[in-house]
Amino acid sequence: MAPREILKIENLTTYFYTWAGVVKAVDGISLDVREGETLGLVGESGSGKSVTALSILRIVPMPGRIIGGKIIYKGENLLEKTEDEMQQIRGKEIAYISQDPATSLNPVFSIADQLTEVIRRHQNVTKEEALKKAIELFRLVEIADPEIKIWNYPHQLSGGMKQRIAIARALSCQPNLLLADEPTTNLDVTIQAQILELMKNLKKLGMSMILITHDMGVVAGVADRINVMYAGRVCEVASTKTIFRNPVHPYSRALLEAVSHVTVKRVQPKIIPGAIPNLISPPSGCRFHPRCDFAAAECAAVVPQLVEIEPEHYVACIRAKEFMENVKEVKL
Ligand SMILES: Nc1ncnc2c1ncn2[C@@H]1O[C@H](COP(=O)(O)OP(=O)(O)O)[C@@H](O)[C@H]1O
Ligand SMILES: [Mg+2]
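Just so you know, these numbers come straight off a predicted model, no measurement behind them.

Caption draft 1: Seen up close, the sheet that holds strand β1 (residues 5-18). Spatial strand order, β2-β1-β4-β5: four strands in an open sheet with antiparallel pairing. Where the open sheet ends on each side, the last strands, each with one partner, are β2 (21-34) and β5 (76-77). Strand contacts of helix α1 (residues 49-56): β1, β2 and β4 (64-73), with the helix running at about 70° to β2, the strand carrying the most contacts.

Right, dumping it as structure tokens:
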């Protein structure tokens, strides 16, 4: 039986209409998230990951606009919903955690006040019941002494603790889909590992998740599948195992080499030469071609489409077949 999708994005296009020109931040991406799976959305900073998440929730800030495509959530196109309907979906069906947990907390109220408020906004419960639920959420995100810690104010908390609370808040309405946007980026390495462990444990709740990161190392142990994005487009999609063992797109390979703690053969983590292009006038053809060691003349002319090169493994590169056949000869 084919896996069921909770979310299916088709040809999503989100542009920013700035004074300097049109920023093609998300330029016709398609991806799907299956029931209960964690999809890693990986790419360097500026590749359109956050704009994808904001588009799903329809909270793209001005001067951004979703100008095309479909976002099918549980069979219905979110782009056809009214703002009232979207408000019901945000938080309750689809929750979002950003890379800056502090922004979701109000400095003047205790955590208990803030969490119970969120819970009561979506559920018909008394203050006492909401507090009990908030404490349970603290336990779920593995905060010690929840009955005491819940009365803290944001300034009393460390970055790691704030991120746990942001996760608790996102989980408070039992969303079916969690969009976690670089949840570990602003944390110390040890705390990062703890939060990742927590994200892994959350998978047991059966929730679907999009885990956004610029670091392949982050998704390695958490994601079921990986979607590699570059400059507003998807370049490779496969299971995490396949991406790590047999990455085909030169950009995926470069990302893997840039990881600091991957177990695959590597020498020193490498910086990918060059920079992500300006998305007002991105390179023609394959947007990665100016940085690609394997670019052919055609790469500047043809926009590569995602092609299934083996079951469940999609690559947008005109040389993909060749790379598949000569995996051993192509050295990076
Ligand atoms: N408010 C905005 N105005 C103009 N351009 C924006 C805005 N937000 C994002 N962008 C542009 O959209 C592109 C994708 O950004 P983003 O989705 O934040 O990347 P990522 O999350 O992968 O780092 C970038 O080129 C960025 O400069
Ligand atoms: Mg981002």
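Caption draft 2: Main features of the site of ligand 1. In the neighbourhood of ligand 1, 15 residues make up the surrounding shell, with Phe16, Ala25, Lys49, Ser50 and Val51 lying closest. The element contributing the most residues to the shell around ligand 1 is α1, with three residues. Across the shell around ligand 1, the residue classes break down as six nonpolar, eight polar and one charged.

Caption draft 3: Broad picture of unusual backbone geometry. Each neighbour pair has its own omega, and for Met62 with Pro63 the value is 0°, a cis peptide bond. Following the sequence through the fold, Pro63 ends up in the loop between α1 and β4. Phi at Glu142 is positive, roughly 60°, even though this residue is not glycine. With respect to the helices, strands and loops of the structure, Glu142 is situated in the loop between α4 (127-140) and α5 (146-149). With a phi close to 50°, Glu182 is a non-glycine residue in the positive phi region.

Caption draft 4: Structural context of the nonpolar core. One finds Leu179, Ala180, Ile210 and Cys235 to be the most contacted residues of the largest nonpolar core, which totals 90 residues. Residues from two domains meet in this core; each of domain 1 (37-57 + 178-325) and domain 2 (101-174) gives at least three. If sequence neighbours within four positions are ignored, Ala180 has contacts with Ile97, Met199, Met209, Ile210, Leu211 and Ile212.

Caption draft 5: A look at the sheet that holds strand β9 (residues 225-230). Across the sheet, which stays open at both edges, the eight strands sit in the order β6-β7-β8-β3-β9-β10-β12-β11 with mixed pairing between neighbours. Strand pairing shows two members of the sheet lacking a second neighbour, β6 (94-97) and β11 (307-310), which therefore form its edges. Each strand axis lies, on average, 20° off the axis of its neighbour in the sheet, ignoring direction. Summarising the sheet, β11 and strand β12 (residues 313-315) pair through three bridges and their orientation is antiparallel. Counted as the bridge partner of Glu310 is His313 from β12. Along the sheet face, helix α6 (residues 159-171) touches β6 and β7 (177-181) and points at about 170° away from the line of β6.

Caption draft 6: Just the pairing of β7, in detail. β7 sits mainly inside the fold: five of its five residues count as buried. Of the two faces of β7, the one holding Leu177, Leu179 and Asp181 and the one holding Leu178 and Ala180 are both buried throughout. Relative to β7, β6 is paired through four bridges, and the arrangement is parallel. Bridged to Ala95 within β7 is Leu178. Looking at chain direction, β7 and strand β8 (residues 208-213) are connected through five bridges and run parallel. For Leu178, the partnering residue across the bridge sits in β8 and is Met209. Chirality of the crossover, the property in question, places the unit of β7, helix α7 (residues 189-202) and β8 among those that are right-handed.

The rules we used
Residues numbered from 1 in each chain as written. Chains lettered and ligands numbered in written order. Predicted model: local features only at pLDDT ≥ 70, side-chain atom pairs only at ≥ 80, totals over all residues. Pairing = 2+ DSSP bridges. Helix = DSSP H or I, 4+ residues; strand = E, 2+ residues; numbered from the N terminus. Contact = placed C-beta atoms within 7 Å. Axes fitted to C-alpha atoms, helices over the stretch in contact; angles between N-to-C directions. Near = placed C-beta within 6 Å. Nonpolar A, V, L, I, M, F, W, Y, C, P; charged D, E, K, R; others polar. Core = buried A, V, L, I, M, F, W, Y, C linked by C-beta atoms within 7 Å. Buried ≥ 20, exposed ≤ 12 C-beta atoms within 10 Å, placed from the backbone. Domains from an automatic or database assignment. Right-handed = clockwise from strand over helix to strand, strands pointing away.

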